[in-house]
Each structure stands twice: as structure tokens, then as C-alpha cells.
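Notes for the structure review
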Amino acid sequence: MNAATNVVRQFGFHMLRIYWERRSYRTAIALGTVTSLVSLVQFLVMGKFLQSGNTFEGIQGYGGNIISFLMSGSVFTGFVAVSLGAFSSHLEIEQRTGTLESVVVMPVPLTRVMLFSGVGGLIGTALGSVAMFGVFGAVFDIPVSVNLLATVAVLALLVITLGSFGLAGCGVLLITKKGDPVRWGITTLTTLLSGVMYPVTFLPGWLQAVARAMPTTQALDGIRKSLLVDAGLSQVAPSLVHMALWAAVMLPVGVATFAAGMSRARREGSLGEY
């Protein structure tokens, strides 16, 4: 009986420790709560899409195959995650291990080390995507017609644009220590509005306008066309121009935000805190 009581007490103290630890990261808690609500909305919209029957209105422009539509969305989210999270993931690792201060004073700039980490993640994602399309394409006989040049062009601009957002998120993360609202915001809006699991046309009219203004929506449209229906550069040009404009704005913003966050963390002596 005493042993059982001790186990229960230990479990209680453990849960209390987790509570007080997470309570100190209010940004992360708030973002997690909203994420749960957004996920519910996302699945409600997907359910409405699936109720439309086997015609699947809104995917004809991408070949009309529901499996290839969803699979291309999955590949896309992989590149979004790596592009947005490569910088902040590396930064979080250095924070947790207490080595960020040491890394900052190394001869190799921190941004370059984070870039190396991001490139490694992109290579892994690209190889995994090729393997997934190969295996699932063979098993389910999925029609795929790839224009490699257009696909690479869209992905390159996607990585630059979202990498800029990710760099801005790192600047915020240096202050909040845990919970990156920039990365969270772009990821949430992408999964909810950009047509990953259902066409944008299934959203309310006013949300469609917001969705089409987002760089991720345009990027996914270009990727699906270049991957599934052999669309060339001229056909994905609107997506490329849209993302190029976003990249031109966000790259200097990302660099400036990261520099400001680093400067403030140094000034407050909080680089080593987590």
C-alpha cells in the first residue's frame, strides 16, 4: 500500500512539475490551444469536401485524382515544415543544450550553421517525397506528369519565402524562449486555408480572398500543376511572381527581426536561458 501511495505521489509531483514548467511558457500554451480549435475547423471543412461525392469538385485542374491531390498536399506540407522550422529547430536545440552562447561566438556565423541544418532537412524531404511518389504511384497507379524545371522553381521560391518567415520567427524565439508565433501562424494558416486537404473553393468567399493572397496557397497551386499535369514555367508564372513579391518583402524583414532579437537577447544577457 505504501509503495502504491508513493508511486501516486511521485506521479502527482511529476505532473505538477510539468504544469509549472509549461505555465511559464504562456505563448506556447496559447498557441497550442488555438491549434486544437483550428484543427477541428480544418476537419469540418474536409468533411464537407468529402461529402461532395466521387466527383470531388475543385480538383479537376490538378488531374482529378483524389489520391494524388492529397499526396501532393502531404509533400507540400513537408517542405513548408522544413522551410519554416529549419532555423528555429536548430536554435531550440542549442537553447536546450545550453550551447547557444558558445555557438554565437564561434568563427562560423550562427545563421550559416542554421542554413546548413536547413539544407540538410530539405535534401531529406526531397528524397522522401520522391520515394513516396514512386511507391504510392506504383501501388495505387496514380497518374503523375512532372515538369521538373517548374517544380524546382516553385519549391525554390517557397523555401526562400518561408525561410524568411522562419528567420523572423527565430528573432521572436530568442525573446520568448519557447513558442514561435510566426512559425505557428504560417503553419496554421497554411493547413487551414491553402488547400492542403481540400480545395480553396470550399472555403467561404471572404476566406478564399485571404487564402489566395497567401504565398503558400499560390505555391501549392504551382506545385500541384507542375507535379501532376506537367505545367511549365509559363503556366505557373502567376504563382512564381506572387511568391517572388512575398520573398522580396519578407527576406529583409526576417533578417532585421532576427538581428533585433539577437541584439536584445545579448543586451539582456538571456542567450543562455531556455
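That block above? That's the structure.
Residues numbered from 1 in each chain as written. Predicted model: local features only at pLDDT ≥ 70, side-chain atom pairs only at ≥ 80, totals over all residues. Heavy atoms only, no water.

Looking at a nonpolar patch on the surface
Together, Leu 115, Phe 116, Val 119, Ile 123 and Leu 127 make up a nonpolar patch on the protein surface, roughly 500 Å² of accessible area in all. With respect to the helices and strands, Leu 115 occurs in helix α5 (residues 110–140). Residue Leu 115 is classed as partly exposed on the basis of its relative accessible area of 44%. (Patch = residues over 30% accessible without salt bridge, like charges linked within 9 Å, V, L, I, M, F, W, Y side chains within 5 Å. Areas by Shrake-Rupley, 256 points an atom, 1.4 Å probe, with all protein chains shown as cover. Salt bridge = Lys/Arg side-chain N within 4 Å of Asp/Glu carboxyl O. Helix = DSSP H or I, 4+ residues; strand = E, 2+ residues; numbered from the N terminus. Buried < 20%, exposed > 50% of the residue type's maximum accessible area, 1.4 Å probe, protein only.)

A few points about the packing of helix α6 (residues 148–176) against helix α7 (residues 181–193)
Two elements in contact, α6 and α7, have axes whose closest approach is 7 Å; the angle formed by their N-to-C orientations is 145°. Listed contacts from α7 to Leu 162, Phe 165, Ala 168, Gly 169 and Val 172 of α6 are Pro 181, Val 182 and Ile 186. Classifying every residue of the contact of α6 with α7 gives seven nonpolar, one polar and no charged. (Axes fitted to C-alpha atoms, helices over the stretch in contact; angles between N-to-C directions. Contact = heavy atoms within 4.5 Å. Nonpolar A, V, L, I, M, F, W, Y, C, P; charged D, E, K, R; others polar.)

A short note on the environment of Leu 207
Considering the arrangement of structural elements, one finds Leu 207 in helix α8 (residues 205–213). Here Leu 207 falls in the buried class, since its relative accessible area comes to 18%. Taking the C-alpha atoms as reference points, Leu 207 and Leu 193, 14 residues apart in sequence, are found 7.6 Å from one another.

Description of the packing of aromatic side chains
Evaluation of the coordinates by the stated rule reveals two aromatic pairs. Consider the rings of Tyr 62 and Phe 69, whose centres lie 6.1 Å apart with planes at 40°: the pair is tilted. Of the residues examined, Phe 69 reaches a relative accessible area of 1% and is grouped as buried. When the ring of Phe 165 is compared with that of Trp 246, the centres are 5.8 Å apart and the planes differ by 40°; the resulting orientation is tilted. Residue Phe 165 is found in helix α6, and its partner Trp 246 is found in helix α10 (residues 237–268); the two are separated by 81 residues along the sequence. (Phe/Tyr/Trp six-rings, centres within 6.5 Å; stacked < 30°, edge-to-face > 60°.)

Observations regarding the nonpolar core
Of all hydrophobic cores here, the largest spans 40 residues; its most connected members are Phe 76 and Leu 158. Listing elements by their share of this core, those giving two or more residues are α3 (66–97), α6, α7, α8, α9 (215–228) and α10. For this core, the element with the most residues is α3, which contributes eight residues. In this structure, Phe 76 is in contact with Leu 158, Thr 190, Val 196, Thr 216, Ala 219, Leu 220 and Ile 223, ignoring residues within four places of it in sequence. With eight residues, the next largest nonpolar core counts Met 114, Leu 167, Cys 170 and Leu 174 among its residues. (Core = buried A, V, L, I, M, F, W, Y, C linked by side-chain atoms within 4.5 Å.)

Remember that the coordinates give geometry; whether it matters functionally is a separate question.
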